[in-house]
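Observations on chain architecture
Here's the letter readout for the chains.
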Amino acid sequence: MSEERRPLISGNWKMHLNHFEALKLVQELTYLVSRDDVDAVDVSVHPPFTDIRTVQTSLEADKIPFFLGAQHCHFEEKGAFTGEVAPSMLAKLGVSYVIVGHSERREVFGETDAMINAKVRAVLANEMTPILCVGETLDEREAGEAESKVTGQIQSGLAKVKADQVASMVIAYEPIWAIGTGKTASAEDAQAMCESVRNVVRDLHGSAADAVRVQYGGSVKPTNAKELMSQPDIDGALVGGASLEAESFASIVQYRLHQI
Ligand code: PEP
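All of the points below concern the structure found in this document. Just so you know, these numbers come straight off a predicted model, no measurement behind them. (Residues numbered from 1 in each chain as written. Predicted model: local features only at pLDDT ≥ 70, side-chain atom pairs only at ≥ 80, totals over all residues. Heavy atoms only, no water.)

**Brief notes about the site of the ligand**
For clarity, the cut-off: Summary of the distance rule: residues count as near a molecule or strand when at least one heavy atom falls within 4 Å of that molecule or strand. Polar contacts here mean pairs of N or O atoms no more than 3.5 Å apart (in protein, one a potential hydrogen donor and the other a potential acceptor; neighbouring residues in sequence count only if both atoms are side-chain atoms). Accessibility throughout is a Shrake-Rupley quantity obtained with a 1.4 Å probe, and a residue counts as covered only by protein chains that appear here. The classification used treats Ala, Val, Leu, Ile, Met, Phe, Trp, Tyr, Cys and Pro as nonpolar, Asp, Glu, Lys and Arg as charged, and all other residues, Gly among them, as polar.
As a matter of local geometry, the ligand sits amid 14 residues, with Lys-14, His-102, Glu-174, Gly-180 and Ser-219 nearest to it. At 3.1 Å, a side-chain N or O of Asn-12 approaches an oxygen atom of the ligand. Here an oxygen atom of the ligand sits 2.6 Å away from a polar atom, N or O, in the main chain of Gly-180. Considering the ligand on its own, with 290 Å² of exposed area, one finds that the protein chains cover 96% of that surface. Looking at the shell around the ligand residue by residue, the class counts come to four nonpolar, eight polar and two charged.

**Digging into helix H12 (residues 222-229)**
Applied cut-off: Classification of residues uses two cut-offs on accessible area relative to the type maximum, computed with a 1.4 Å probe and protein chains only: under 20% is buried, over 50% is exposed, and between them is partly exposed. Helical segments are the DSSP runs of H or I of at least four residues, strand segments are the runs of E of at least two, and each set is numbered from the N terminus. Directions are taken from the helix axis to each C-beta atom, and the arc is the one they span.
Every buried residue of H12 is listed here: Asn-224, Ala-225, Leu-228 and Met-229. With its buried residues spanning 125° around the axis, H12 presents them on a single face.

**Thoughts on the side chain of Lys-14**
Short version of the rule: Here, two residues are considered to be in contact whenever any of their heavy atoms come within 4.5 Å of each other.
Within the element layout of this structure, Lys-14 appears in the loop between strand E1 (8-12) and helix H1 (19-32). Side chain to side chain, Lys-14 and Glu-104 meet in a polar contact 2.8 Å long. Residues within four places of Lys-14 in sequence aside, it is in contact with His-46, Pro-48, Gln-71, His-102, Glu-104, Ile-179 and Gly-240.

**A word on the pairing of strand E4 (residues 97-100)**
Applied cut-off: For two strands to be treated as a pair, DSSP must find at least two bridges joining them. Look down the strands so they point away from you; if going from the first strand over the helix to the second traces a clockwise path, that crossover is right-handed.
Residue alternation in E4 divides its side chains into two sets, Tyr-97 and Ile-99 and Val-98 and Val-100, and both sets are buried. Of the strand pairs in this sheet, strand E3 (residues 67-70) and E4 are connected by two bridges, and their pairing is parallel. Bridging from a neighbouring strand, Ala-70 pairs with Val-98 of E4. Chirality of the crossover, the property in question, places the unit of E3, helix H4 (residues 87-92) and E4 among those that are right-handed. As judged from the four bridges shared by E4 and strand E5 (residues 129-134), these two strands associate in the parallel manner. Bridge pairing in E5 places Ile-99 opposite Ile-131.

**Some details on the packing of helix H6 (residues 113-125) against helix H8 (residues 146-157)**
Here is the rule: Axis lines are fitted through C-alpha atoms, for helices just across the contact stretch, and the angle between N-to-C directions can take any value from 0 to 180 degrees. If an angle is under 35 degrees, it is roughly parallel; if it is over 145, roughly antiparallel; if it lies from 65 to 115, roughly perpendicular; otherwise it is oblique.
In contact at an axis separation of 8 Å, H6 and H8 are set at 50° when each is read in the N-to-C sense. In this view, H6 runs oblique relative to H8, as classed from their interaxial angle. Within the contact between the two elements, H6 uses Asp-113, Asn-117 and Val-120 and H8 uses Gln-153, Ser-156 and Gly-157.

**Some details on the pattern of salt bridges**
The test is simple: Any Lys or Arg side-chain nitrogen found within 4 Å of a carboxyl oxygen on Asp or Glu counts as a salt bridge.
For the structure on display, the rule yields 15 salt bridges. Of the charged contacts in the structure, one is a salt bridge between Glu-111 and Lys-119, with a shortest N-O distance of 2.8 Å. An identical accessibility class is assigned to Glu-111 and Lys-119; each is buried. Salt-bridge contacts for Asp-235 lead to Arg-198; the nearest nitrogen and oxygen are separated by 2.7 Å. With a gap of 37 residues between them, Asp-235 in the loop between H12 and strand E8 (236-239) and Arg-198 in helix H10 (residues 187-205) connect regions that are remote in the sequence. Note on Arg-198: relative accessible area 3%, which makes it buried. Residues joined by salt bridges that share partners form a network here, namely Arg-5, Arg-198, Asp-233 and Asp-235.

**Some thoughts on the packing of aromatic side chains**
We count it as follows: Each Phe, Tyr or Trp ring (for Trp, its six-membered ring) is paired with any other whose centre lies within 6.5 Å, and the angle between the two planes then decides the class: stacked below 30 degrees, edge-to-face above 60, tilted in between. A ring is scored as having a charge over it whenever the NZ atom of a lysine or the CZ atom of an arginine sits within 6 Å of its centre and within 35 degrees of its normal.
This model, assessed by the stated rule, comprises two aromatic pairs. Between Phe-67 and Tyr-97, the aromatic rings sit 5.5 Å apart at their centres with planes inclined by 90°, giving edge-to-face as the arrangement. With Phe-67 in strand E3 and Tyr-97 in strand E4, this residue pair connects regions lying 30 residues apart in the sequence. Overall, Phe-67 belongs to the partly exposed group, its relative accessible area being 32%. Ring centres of Tyr-173 and Tyr-216 lie 6.3 Å apart, and the angle between their planes is 50°; on these two criteria the pair is classed as tilted. Residue Tyr-173 is located in strand E6 (residues 170-173), and its partner Tyr-216 is located in strand E7 (residues 213-217); the two are separated by 43 residues in the primary sequence. A single burial state applies to Tyr-173 and to Tyr-216, both of which are buried. Sitting over the ring of Phe-109, Arg-105 keeps its end group 4.1 Å from the ring centre.

**Some points on the pairing of E5**
With six of its six residues buried, E5 lies for the most part within the structure. Residues Thr-129, Ile-131 and Cys-133 of E5 are buried on one face, and the alternating residues Pro-130, Leu-132 and Val-134, pointing to the opposite face, are buried as well.

**Considering the sheet that holds E7**
Overall, parallel pairing links the eight strands, which are arranged E1-E2-E3-E4-E5-E6-E7-E8 in a closed barrel. On average, each strand axis in the sheet is inclined to that of its neighbour by 25°, with strand direction left out of account. Across four bridges, E6 lies against E7 in parallel orientation. Bridge pairing in E7 places Tyr-173 opposite Tyr-216. Sheet contacts for H6: E4 and E5; angle to E5, the most-contacted strand, approximately 160°.

Printed below as a string of structure tokens:
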């Protein structure tokens, strides 16, 4: 990995943990994650909306150096969108990173590439960092279409985004068949796809590709984190299941201390 790109390990708690449970997890993590760890690696936690204020208060009160994240937002600033949350509402809560276009949002809630692009731009306009998720299904992989699917998702996700904004972003390559299944892409396949993500960014925005951080996501665990993170184009991990438990998430954050 390039020296300029700080690793980012993100915990996506999905629709798990009420605000009491979220607080407990944050507090457990602070005992396990050291100052040396956060000097080496950026860490973001992405609780459900109902927990964000509680987690924010805890991070601020105890000066815990984790970045606060969200899992989703709307692209409009206000309006008749029952149940939705505006990017500016997240910014006001001190949210730094917003996951955009997670495959569960795309597949279960029908989010389109156009909506995802609007969200990327809305998140950036509110001075937060989008984590743009891309990835192929098993059928697409088996049909040899993984790269073309991901290329299309990046091209549409980054439409009308300026190069300096792209440079500040995070793109998470998450093969859908590896999310929550216990199956992980091999380190070689993950590296090849993350390199391809960077090459697409290079074609679109030149040297922004050297700065954009590319995460791998899909059943990242303490046992595979170091090998994945050792790949030159993998700058971080988006972690679902293993981020719900303090020991396993802390261990992933501490991947640099592991033996392969
Ligand atoms: C995710 O939530 O984006 C994810 C990759 O989940 P898991 O780590 O459980 O596969």
